Amino acid sequence: MGAVRATVTVTVTDEDDGGAAAPGAGPVRLFCTDHGGEGPPLLLLHGLAGHRGEWDALAARFEATHRVIAFDARGSGASTRRPGDVTRAAHVRDVLAVARRFGLAGQDTVLVGQSMGGLTALLTAAAHPEVCRALVLIEAGPAGPSPELPERIGGWLDSWPVPFRDAEAAEAFFGGGPAGRAWAAGLAPGPGGLHPRVDRDVMVATVRENAHRDYWDAWDRVGCPVLVLRGERGDMQPDEAERMRDRHPATRIAVIPEAGHDAHLDNTPAVYGEMARYLRELRPDPGAAPLPSPGPA
């Protein structure tokens, strides 16, 4: 019998540095898919403007050996569309909230993130080493700054021919194949066709930090083992991955053939193969403490 999937919502209240609710910030609802499965947990974080469903094919391969959970990031998918805070710190708080809700223990959990989701995973591991045993970063790293990124993301979203006539038209626009189908699946029916489940200005604001800084200081604080996966035709540059390994020797690098930035979609079998080999070699860290017991969602 296959694993039973469940959809769960987690509510996060944005707080300021003193722990009080941030002015004008309402609660953020995060929609999660618990794919079930048994074994060490994998917590999957999608990239900018993506959605939790893009992990379905990879999750299905791991359900026999791992507990698999994915969630829509704030501002994306079914989660709160216009959150008041889209900083990297807010995204890290979301990971902590989801981990606590599902009772994930640091001595077992592996954070898996693609693109901006990978950066969130990296920052979470740097600031909260108790949360995870290891990282898998797909087309993600600490390089920066990228001054042109907000404008580029805005232009990309502006280019979407909204509304899309139908799923076939959307798949073609997004390049076809598994990646095109996954991006099309992230759209929602609306007047005249299919519409994005993201707000352009929210997505631009989400990458604004990246325009002004890099995250090498956070990378230097990561203490757990890391698997870095680059797409053969991806955006991540080889020298960034090599620099990551030079500064953190417990880093393994692999290149996913016939894959671009969405390597987990372009070549799911190869990503699964690299991850499965890596995860088999991990050993639980007996010194890691579990997260505090989850409170009410």
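Residue positions are given per chain, counting from 1 as you read along its sequence in written order. This being a predicted model, a pLDDT of at least 70 is required before a residue's local features are given, and a value of 80 or more before pairs of side-chain atoms are given or counted; all residues contribute to the totals for chains, interfaces and linings. By convention in this description, side-chain values take in all heavy atoms of the structure and omit both hydrogens and water.

Within the largest apolar cluster, 61 residues are counted, with the highest numbers of intra-cluster contacts made by Leu-43, Val-98, Leu-135 and Leu-137. The leading source of residues in this core is helix α3 (residues 116–127), at seven residues. Setting aside anything within four residues of it in sequence, one finds Leu-43 in contact with Ile-69, Phe-71, Val-95, Val-98, Leu-104, Val-110, Leu-111 and Val-112. Here, nonpolar core means buried Ala, Val, Leu, Ile, Met, Phe, Trp, Tyr and Cys residues that are tied together by side-chain atoms lying within 4.5 Å of each other. Any residue under 20% of the maximum accessible area for its type is buried, any over 50% is exposed, and the rest in between are partly exposed; the area is computed with a 1.4 Å probe on protein chains only. With 26 residues, the next largest nonpolar core counts Leu-227, Ile-256, Met-275 and Leu-282 among its residues. Numbering of helices and strands starts at the N terminus; helices are DSSP runs of H or I of at least 4 residues and strands are runs of E of at least 2. Contacts between residues were defined by any pair of non-hydrogen atoms, one from each residue, lying within 4.5 Å.

Right, let's talk about the packing of aromatic side chains for a bit. Only Phe, Tyr and Trp rings are paired, with Trp represented by its six-membered ring, and only when their centres lie within 6.5 Å; those with planes under 30 degrees apart are stacked, over 60 edge-to-face, the remainder tilted. Evaluated as defined, the whole model comprises ten aromatic pairs. Residues Phe-173 and Phe-174 carry aromatic rings whose centres are separated by 5.1 Å and whose planes lie at 80° to one another, so their mutual orientation is edge-to-face. According to the relative accessible area criterion, Phe-174 is buried, its value standing at 14%. Judged by centre distance (5.7 Å) and plane angle (25°), the ring pair of Phe-174 and Trp-183 falls under stacked. For the pair Phe-174 and Trp-183, one class covers both residues: buried. Look at NZ for Lys and CZ for Arg. If either is within 6 Å of the ring centre and within 35 degrees of the ring normal, a charge sits over the ring. Seen from the ring of Phe-102, Arg-101 lies directly overhead, with NZ or CZ sitting 5.5 Å from the centre.

By the burial criterion, the buried members of helix α6 (residues 177–185) are Ala-179, Gly-180, Ala-182, Trp-183 and Ala-184. Turning to α6, the residues buried within the fold contact α4 (149–158), α5 (167–173) and α10 (263–266).

Looking now at the pairing of strand β10 (residues 251–256). Every regular strand shows the same layout, with side chains that alternate between the two sheet faces. Strands qualify as paired when DSSP identifies two bridges or more between them. As judged from the six bridges shared by strand β9 (residues 226–231) and β10, these two strands associate in the parallel manner. Bridge pairing in β10 places Val-228 opposite Ile-253. A crossover links β9 with its parallel partner β10, the connecting element being helix α9 (residues 238–247), and its sense is right-handed. By definition, the crossover connecting two strands over a helix is right-handed if that path, from the first strand to the second, turns clockwise as seen with the strands pointing away from the viewer.

A few words on unusual backbone geometry. In this chain, Gly-144 is followed by Pro-145 through a cis amide linkage whose omega measures -10°. Within the secondary structure layout, Pro-145 lies in the loop between β6 (134–138) and α4. In this structure, the amide linkage connecting Val-162 to the following residue, Pro-163, adopts the cis form with an omega of -5°. With respect to the element layout, Pro-163 can be found in the loop between α4 and α5. Phi is positive for Ala-49, which is not a glycine, with a value near 65°. Within the fold, Ala-49 resides in the loop between β3 (41–45) and α1 (56–62). We note that Ser-115 has phi near 55°; this positive angle belongs to a residue other than glycine. Mapped onto the elements, Ser-115 comes out in the loop between β5 (110–114) and α3.

So, about α9. Of the residues making up α9, those classed as buried are Glu-240, Ala-241 and Met-244. Along the axis of α9, the buried residues cluster in a sector spanning 100°; they form a single face. Turned more than 90 degrees off the buried face of α9, the exposed positions are Asp-239 and Asp-246. Close packing links the buried residues of α9 with β6, α8 (216–219), β9 and β10. It is the directions from the helix axis to the C-beta atoms that the arc portrays.

Our focus in this paragraph is the sheet that holds β3. If you walk across this open sheet you meet the eight strands as β1-β2-β4-β3-β5-β6-β9-β10, and the pairing is mixed. Looking at which strands have only one partner, the edges of the open sheet turn out to be β1 (6–13) and β10. When the angles between neighbouring strand axes are averaged without regard to direction, this sheet yields 20°. Orientation is described by axes fitted as lines to C-alpha atoms, over the contacting stretch for helices, and by angles from 0 to 180 degrees between their N-to-C directions. Lying over the sheet, helix α2 (residues 88–101) contacts β1, β2 (27–36), β3, β4 (67–71) and β5, oriented at roughly 130° with respect to β1.

As a further point, take the packing of α2 against α3. Contact geometry for α2 and α3: axes closest at 9 Å, N-to-C directions at 75°. Accordingly, the angle class assigned to the pair α2 and α3 is roughly perpendicular. Side by side, α2 and α3 meet where Arg-88, His-91, Val-92, Val-95 and Leu-96 of the first sit next to Met-116, Leu-119, Thr-120, Leu-123 and Thr-124 of the second. The cut-offs work like this: below 35 degrees is roughly parallel, past 145 is roughly antiparallel, 65 to 115 is roughly perpendicular, and the gaps in between are oblique.

Let us now look at the pattern of salt bridges. Any carboxyl oxygen of Asp or Glu that lies within 4 Å of a side-chain nitrogen of Lys or Arg is treated as forming a salt bridge with it. If you walk through the whole model with that rule in mind, you get 17 salt bridges. Here Asp-34 makes a salt bridge to Arg-67, at a shortest N to O gap of 2.8 Å. Here Arg-67 lies in strand β4 and Asp-34 lies in strand β2, a separation of 33 residues in the sequence. Asp-34 sits in the buried class, given a relative accessible area of 12%. For Arg-67, a relative accessible area of 22% translates into the label partly exposed. For Arg-93, the salt bridge is made with Asp-85, and the minimal N-O distance between the two is 3.1 Å. Overall, Arg-93 belongs to the partly exposed group, its relative accessible area being 24%. Looking at Asp-85, the relative accessible area reads 18%, which means it is buried. By sharing partners, the salt bridges in this structure join Asp-14, Arg-74, Asp-85, Arg-93 and Asp-94 into a single network.

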